[in-house]
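Inside the fold
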Amino acid sequence: MAMTDVLEAEVRTGQIKIHTPEDFEGMRRAGRLAAECLDMITPHIVPGVATETIDTLAREFILDHGALPACLGYKGYTHTLCISPNHVVCHGFPSERPLREGDIVNCDVTVIVDGWHGDHSRMYPVGEIAPRARRLIDVTYEGMARGLAAIKPGNTFGDIGFAIQQYVEAQRCSVVRDFCGHGLGRVFHDSPNVLHYGRPGEGAVLQPGMFFTVEPMVNLGKPQVKVLSDGWTAVTRDKSLSAQCEHSVGVTETGVEIFTASPLFKPAL
């Protein structure tokens, strides 16, 4: 049994949970630590550093802050971070592979603080990157921003996906269909599935107290992906560059609260 299966204080019911104001405070603590973890590794994302070194730094940081790495032991996963460079879409394993000048890399972390999950990922340029790589990162962050702007009571999950898809495809990039955001809270992966494409007005209606992630994966080429023989690592089929960013959020009475926002990080759009 995975560590997070033991630690989750609630169960997956298949229903979208509505949380209390007190629950928001728990998510703020978890989201803040996830953001601080990605802040901490930022100066280490440089040419020549092995991705397993970054993973070790993140694990020590989380444990030193009295929290737990949610991915460590989750369904057999053996690392704290997912680190996905270049054409790796998601779920890349940290390894001895050193980062190289010109790489782009996604680092994805989930922490457990007092039973609450904070799930967050960012894109990092490694040294000087090509203009097309910078453009892909910019499109991905702007797509996520437009999806977040669609979150308010009375809108639907389809509105979120449509806002992301409409922008990304207008920029001649593609939205990955094989992976999606998810509900979270005291459960790591809960209902609903949050698609990053869709039609306005479709899907469940957003209500105050819903917690979930928005985490679009955007490819420079076609949207198709494949999972490698390790059962985890997903890559673009056409070997085009891929980017992802992710926030954990809560629906409020008037809009959205981003639990994983950091005052130290502003994407350079």
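Residues numbered from 1 in each chain as written. Predicted model: local features only at pLDDT ≥ 70, side-chain atom pairs only at ≥ 80, totals over all residues. Heavy atoms only, no water.

**Examining the sheet that holds strand S13 (residues 242–244)**
In a beta sheet, neighbouring strands are held together by backbone hydrogen bonds and run either parallel or antiparallel to one another. Spelled out, the test is: Strands pair, by our definition, only if DSSP identifies at least two bridges between them. Every helix listed is a DSSP run of H or I at least four residues long, and every strand listed is a run of E at least two residues long, numbered separately from the N terminus.
Overall, antiparallel pairing links the 3 strands, which are arranged S6-S10-S13 in an open sheet. In this open sheet, the two strands that pair with only one neighbour each are strand S6 (174–175) and S13. As paired elements, S6 and strand S10 (residues 217–219) share 2 bridges and run antiparallel to each other. For Ser-174, the partnering residue across the bridge sits in S10 and is Asn-219.

**Concerning the confidence of the model for the protein chain**
Cut-off, in case you're wondering: By definition, pLDDT measures how confident the predictor is in each residue, and it falls between 0 and 100. In what follows, residue pairs with any heavy atoms lying within 4.5 Å of each other are defined as contacts.
This prediction gives the protein chain a mean pLDDT of 94; 95% of its residues lie at or above 70. Scored below 50 in pLDDT, residues 1–9 makes 20 contacts in the model with residues more than four places away or belonging to other chains.

**Observations regarding the packing of aromatic side chains**
We apply this condition: Each pair of aromatic rings taken from Phe, Tyr and Trp, with Trp reduced to its six-membered ring, is defined by centres within 6.5 Å and is described as stacked if the planes are under 30 degrees apart, edge-to-face if over 60, and tilted in the remaining cases. Between buried and exposed lies partly exposed: a residue is buried under 20% and exposed over 50% of the maximum accessible area for its type, with that area taken using a 1.4 Å probe on protein chains only. Both a distance and an angle decide whether a charge sits over a ring: NZ of Lys or CZ of Arg must be within 6 Å of the ring centre and within 35 degrees of the ring normal.
Scanning the model with the defined rule gives 9 aromatic pairs in all. Both rings, one in Tyr-74 and one in Phe-188, keep their centres 4.9 Å apart while their planes meet at 55°; by these two values the pair is tilted. Separated by 114 residues along the polypeptide, Tyr-74 in the loop between strand S1 (68–69) and strand S2 (82–85) and Phe-188 in the loop between strand S7 (181–183) and strand S8 (190–194) bring together distant segments of the chain. On the basis of relative accessibility, which here comes to 3%, the residue Phe-188 falls in the buried class. Seen in terms of ring centroids, Phe-211 and Phe-259 are 5.3 Å apart; in terms of plane orientation they differ by 85°. Their pairing is edge-to-face. Of this pair, Phe-211 sits in strand S9 (residues 211–214) while Phe-259 sits in the segment after strand S15 (256–258), and the two are 48 residues apart along the sequence. Among the aromatic residues, those joined into a cluster by ring pairs are Phe-24, Trp-116, Phe-211 and Phe-259. Just above the ring of Phe-265 sits the side chain of Arg-122; from NZ or CZ to the centre is 4.5 Å.

**Examining unusual backbone geometry**
In this structure, Pro-192 follows Ser-191 across a cis peptide bond, with omega equal to 5°. Among the secondary structure elements, Pro-192 is positioned in strand S8. With a phi angle near 50°, Lys-75 is a residue other than glycine that sits in the positive phi range. Summarising the element assignment, Lys-75 is placed in the loop between S1 and S2. Positive phi, close to 50°, is recorded for Asp-114, a residue that is not glycine. Within the secondary structure layout, Asp-114 lies in the loop between strand S4 (104–113) and strand S5 (116–125). Look at Asp-114 and you get exposed, because its relative accessible area is 57%.

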